[in-house]
Amino acid sequence: MTAFLEMTNVSKVFSAGIIRRQHTVAVDDVTMTIDEQSPSILAVAGESGSGKTTLARLLLGVIPPSSGEVIYRGQSVDDLSRAQRRTYLREIQPIFQDPFESYNPFYKVDHVLTVPAKKFDLAASREQTMRLIEEALDMVGLQPAETLGRFPHQLSGGQRQRVMVARAMLLRPRLIVADEPVSMVDASLRATILESIRRMKQELGISVVYITHDLTTAYQIADNILVMYKGSVVEAGSVEQVIRDPKHPYTQLLVSSIPQPDPSLPWGAEGEIAGDPESMEVAATGCKFVDRCPVAFEPCSGQRPPLYHEHPSRAAACFQYDGSPALEGQNLDVVFEPQLTSQAAGGSQEPAAN
Amino acid sequence: MNNGAVLTVSDLRVYYDTDAGTVKAVDGVSFDLRPGERLGLVGESGSGKSTMALALMRLHKPPARIAGGEVLLDGVGDVMKLDDDGLRRIRLDRLALVPQGAMNSLNPVMRIRDQLADGIRTHEPGDTRDDLAERIQAQLARVGLDAEVGGKFPHELSGGMKQRVAIAIGTSLSPSVIIADEPTSALDVVVQRQVMETLRSVQEELGASVLIVGHDMGLMAQIADRMGVMYAGKLVELAPVHDLFTNPQHPYTRLLIESVPTLMAKRALASIPGAPPTLINVPPGCPFHPRCPSAFEPCDSEVPLPTAQNGRVVSCHLYPGEAA
Ligand SMILES: Nc1ncnc2c1ncn2[C@@H]1O[C@H](COP(=O)(O)OP(=O)(O)OP(=O)(O)O)[C@@H](O)[C@H]1O
Ligand SMILES: Nc1ncnc2c1ncn2[C@@H]1O[C@H](COP(=O)(O)OP(=O)(O)OP(=O)(O)O)[C@@H](O)[C@H]1O
Ligand code: SF4
Ligand code: SF4
Ligand SMILES: [Mg+2]
Ligand SMILES: [Mg+2]
């Protein structure tokens, strides 16, 4: 059986600068599988500029990898026939980070909904198309009458963001790649939208890649999480393990920096955060976090730490855990839940009815 | 009225005239911004926060219009009555705005340093090139960016880096009031904390006041001194941050806070039942009444007026009291 979507040793390097050529390794050697049989929600977290959006664009086929392969239903995305590509483009739907860039200011917002509906022949009639559109708007808490017929600038930031979520839902894809889909909506709506995303997984079997800075909502709706730092996966596994008990010093910093909705609690650990967070300059060897790591020790500047499988559902790329075996081929599948291989092979586990 | 406030907003109304009707995006909002304070503004998506942020600087665009009210800027007068020249003078060096989605309003074909220089040059044409270069570098450093970012184009930067550039541009002329609309909603929590620390230190250095619009209740709890909550074009509660979180008075505020998830337990995310109102046809009486679990007799017919409740202002019939 072939997997729905795979990344094998995928890297993406951007080159910029004419005089002094700079290379940015935006995504560095990522291997993982998104399965259709056992849909899941994978959160992708990490600092600004760590490569999350680039990872999303690779999954969506918007940009080609510099090395490695993105494989859709057993075939490299580069080699898809026209018909296959069309299905691929429908089955994987984006919700982009930026609700402002995704719109053409000269078209009414209806455009972003009716065009894909037509393009992918979703409905037999105009009435049916409208019904589907209204249903989708409803799911994200928008009133069709208040939304349709308007130009993008006539909607608030959060309203625009929700139209993009509705658009993705409309197409009934197999995978939704959502880049910060709720960063600009209020807490109540955030809950509404994320719950509808979770329902899509449960009821329609749609998998979701949920890119976010919000580790609290990641914890609430995701099954698994992948934490990126300067293009590399530094920690991955189930949200229970990674967010409740982070092992990599960067993930620990991230989790301790979550601002708590309680003014009497301090924000983050005491003291300054070392280092220049967003410079992508990294040493050619050694751990990418070494200049900011409070517990760096001798081996750290010599080699890149591999992902150590230090817990059945968690791996961390840090030499503190070099007593554990490294993940074979850096493949993240073994730490993610549900476990694809064991379930498929054993067949002993009935899917939980809920 | 002079109460020592830097900015005094009274009964501000901002309406959009559309084919479908009048959208009352800001409908009778009053508050003051005190010297050196950080006032957080949260609330329903589409409740008028950005419209108000723009209108405070008269940066709103048609079909938006100021339908009433005044915005007194200390030492200047009513911003709503300034002529174009007066407006140009106060923007950036008295009142500065970091707009929502600012990172996307950067000019795609201009290097970052030139975009920073633009703002400084229009206000202070006397600067020499060396001065300017130095100031740009300092501006970038202020928001935690390397000097070399100045030589880059927006598409070469991550969302977070662009957002910091936008903040650098907004604060380049040391304004006394900084209005920041979702300044960190695209940033990771570590950088968010750094940017907020920077904003705080810049602000303290300048003695500026900040109005921060946002949705991240955690961030607000950590950064704001006082908080305002908007619902359907109205400011429904205004209170010191601690009081607001520990003892929210307005039912909308309470439900909003309850819908904030925590890392404590994994459970279904709670949201406020019912649909957000349309601002063309705002429900009569209290706009929250169709969704309010505490609604009672007067709520669907009488508009609750803001009342003063020891140190805070609440607009809800549950709290009758002295008009604020
Ligand atoms: N088209 C491009 N050309 C050059 N560099 C790029 C390009 N796109 C992204 N980069 C660089 O690749 C790195 C990763 O960027 P990416 O947008 O994937 O980060 P991100 O994790 O999504 O950040 P954010 O949280 O701020 O959205 C950044 O250093 C960015 O500057
Ligand atoms: N140009 C416009 N024409 C008509 N209505 C508009 C226009 N711009 C905004 N609106 C409406 O005005 C209301 C307030 O919008 P605003 O952008 O101020 O909300 P907001 O509180 O900032 O929301 P968010 O938190 O989602 O950014 C919304 O209902 C919106 O649909
Ligand atoms: S490998 Fe070393 S430097 Fe890197 S995170 Fe682990 S301890 Fe820190
Ligand atoms: S005025 Fe009435 S409906 Fe409105 S919030 Fe108060 S109790 Fe609820
Ligand atoms: Mg991104
Ligand atoms: Mg807004």
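These numbers were taken from a predicted model, which means no experiment stands behind them.

**Details of the overall build of chain A**
Along chain A, the regular secondary structure elements total 11 helices and 12 strands. Taking the intrachain contacts of chain A between residues at least 6 apart in sequence as the baseline, contacts between residues at least 24 apart amount to 65%.

**Description of helix α6 (residues 189-206) of chain B**
Residues and elements named next belong to chain B. If you check α6, its first and last C-alpha atoms are 25 Å apart, about what 18 residues at 1.5 Å a residue would give, namely 26 Å. Counted residue by residue, α6 has 13 buried out of 18 residues, so it is predominantly covered. You can read the cap of α6 off the contacts: a side-chain oxygen lies 2.9 Å from the backbone nitrogen of V190, and it is on D188. Positive phi appears at G207, one or two residues downstream of α6, with a value of about 65°.

**Digging into the site of ligand 4**
Taken together, the neighbourhood of ligand 4 is formed by B:H250, B:P251, B:C286, B:H289, B:C292, B:S294, B:A295, B:C299, B:P304, B:C316, B:H317 and B:L318. Across the shell around ligand 4, the residue classes break down as 8 nonpolar, 4 polar and no charged.

**Description of the environment of A:R86**
All names here are of chain A. Among the structural elements, R86 can be located in helix α2 (residues 82-91). Residue class for R86 comes out partly exposed when judged on its relative accessible area of 40%. Between the alpha carbons of R86 and F120 there is a distance of 8.5 Å; along the sequence they are 34 residues apart. With residues near it in sequence (within four places) discarded, R86 still touches K119, F120 and D121.

**With respect to the sheet that holds strand β2 (residues 21-33) of chain B**
Residues and elements named next belong to chain B. Read from one edge to the other, the open sheet built from 4 strands follows the order β2-β1-β4-β5, with strand pairing classed as antiparallel. In the strand order of this sheet, the two ends are held by β2 and β5 (77-78), each with one partner. Examined bridge by bridge, strand β1 (residues 7-18) and strand β4 (residues 64-73) share 8 bridges and lie antiparallel to one another. When the sheet's bridge partners are listed, V14 is paired in β4 with I66.

**Section: the interface of chain A and chain B**
Across the boundary between the two partners, chain A contributes 72 residues, which contact 60 residues of chain B. Interface area, chain A with chain B, both sides summed: about 5,100 Å², of which 56% is carbon and sulfur. If you look at where chain A meets chain B, you find 0 salt bridges. The tally of links from chain A across to chain B stands at 17 residue pairs in polar contact (both at pLDDT 80 or more). Of all the elements in the fold, those that place two or more residues in the side of chain A that touches chain B are α6 (157-170), α7 (187-204), α8 (215-221), α9 (239-244) and α10 (249-256) of chain A. At 9 residues, the largest contribution of residues to the side of chain A that touches chain B is made by α7(A). For the side of chain A that touches chain B, the per-class residue count stands at 27 nonpolar, 26 polar and 19 charged.

**Regarding the confidence of the model for chain B**
In this model, chain B carries a mean pLDDT of 89, and residues with pLDDT of at least 70 account for 98%. Complex prediction metrics read pTM 0.88 and ipTM 0.82.

**Quick notes on the pattern of salt bridges**
Oppositely charged side chains can pair when the atoms bearing their charge come close. All names here are of chain A. Counting across every chain of the model gives 28 salt bridges over all chains. As a salt-bridge pair, R314 and D245 come within 3.6 Å of each other at their nearest N and O atoms. Of this pair, R314 sits in strand β12 (residues 314-316) while D245 sits in the loop between α9 and α10; the two residues are 69 residues apart in sequence, bridging distant segments of the chain. Put simply, E310 and R314 hold a salt bridge, and the shortest N to O gap is 2.7 Å. Like R314, E310 is buried. A network of salt bridges, in which partner residues are shared, links E36, R73, E91 and R174.

**A closer look at unusual backbone geometry**
Cis peptide bonds are those with omega within 30 degrees of zero, and the linkage from A:E337 to A:P338 qualifies with -10°. For A:D29, which is not a glycine, the phi torsion comes out positive at approximately 60°. Assignment of secondary structure puts A:D29 in strand β2 (residues 22-34). You will see that B:A232, though not glycine, has its phi angle at about 50°, which is positive. By the secondary structure assignment, B:A232 is in the loop between β9 (226-231) and β10 (234-240).

**Description of the packing of α6(A) against α7(A)**
All names here are of chain A. Orientation of α6 relative to α7, taken along the N-to-C sense of each, is 10°, at an axis distance of 12 Å. Comparing their axes, α7 and α6 come out roughly parallel. Within the contact between the two elements, α6 uses R162, V165 and M169 and α7 uses L189, I193, S196, I197 and M200. Of the residues that constitute the contact of α6 with α7, the class distribution is 6 nonpolar, 1 polar and 1 charged.

**Here we look at the sheet that holds strand β1 (residues 5-16) of chain A**
Residue and element names in this part refer to chain A. Strand order in the open sheet made by the 4 strands is β2-β1-β4-β5, with antiparallel pairing throughout. Across the chains shown, the open sheet's two edge strands, defined by having one partner strand only, are β2 and β5 (75-76). Sheet analysis places β1 next to strand β4 (residues 67-72), joined by 5 bridges and oriented antiparallel. Each bridged residue has a counterpart across the sheet, and for M7 the counterpart in β4 is V70. Of the strands in this sheet, β1, β2 and β4 touch helix α1 (residues 52-59), which is tilted by about 125° from β1. Lying on the sheet, α2 is in contact with β1, β4 and β5; it crosses β4 at an angle near 85°.

**With respect to helix α1 (residues 49-56) of chain B**
Burial runs high along α1(B): 6 of the 8 residues are buried. Listed in full, the buried residues belonging to α1(B) are B:K49, B:T51, B:M52, B:A53, B:A55 and B:L56.

**Focus on the site of ligand 1**
Taken together, 20 residues form the shell around ligand 1, and within it A:G49, A:K52, A:T53, A:T54 and B:E156 come nearest. Nearby residues place ligand 1 at the junction of chains A and B. Here an oxygen atom of ligand 1 sits 2.8 Å away from a polar atom, N or O, in the side chain of A:K52. Between B:E156 and ligand 1, the recorded distance is 2.7 Å, taken from a backbone N or O atom to an oxygen atom. Look at ligand 1: alone it shows 640 Å² of surface, and the protein chains cover 89% of it. When contributions to the shell around ligand 1 are tallied by element, the ones reaching two or more residues are β2 and α1 of chain A together with α5 (159-170) of chain B. No other element matches α1(A), which puts 3 residues into the shell around ligand 1.

Basis of the calculations
Residues numbered from 1 in each chain as written. Chains lettered and ligands numbered in written order. Predicted model: local features only at pLDDT ≥ 70, side-chain atom pairs only at ≥ 80, totals over all residues. Heavy atoms only, no water. Helix = DSSP H or I, 4+ residues; strand = E, 2+ residues; numbered from the N terminus. Contact = heavy atoms within 4.5 Å. Expected span 1.5 Å × (residues − 1). Buried < 20%, exposed > 50% of the residue type's maximum accessible area, 1.4 Å probe, protein only. Polar contact = N/O pair within 3.5 Å; in protein donor to acceptor, adjacent residues only side chain to side chain. Near = heavy atom within 4 Å. Nonpolar A, V, L, I, M, F, W, Y, C, P; charged D, E, K, R; others polar. Pairing = 2+ DSSP bridges. Buried area = accessible area lost by both parts, 1.4 Å probe. Salt bridge = Lys/Arg side-chain N within 4 Å of Asp/Glu carboxyl O. pLDDT = per-residue confidence, 0-100. Axes fitted to C-alpha atoms, helices over the stretch in contact; angles between N-to-C directions. Parallel < 35°, antiparallel > 145°, perpendicular 65-115°, else oblique. Areas by Shrake-Rupley, 256 points an atom, 1.4 Å probe, with all protein chains shown as cover.

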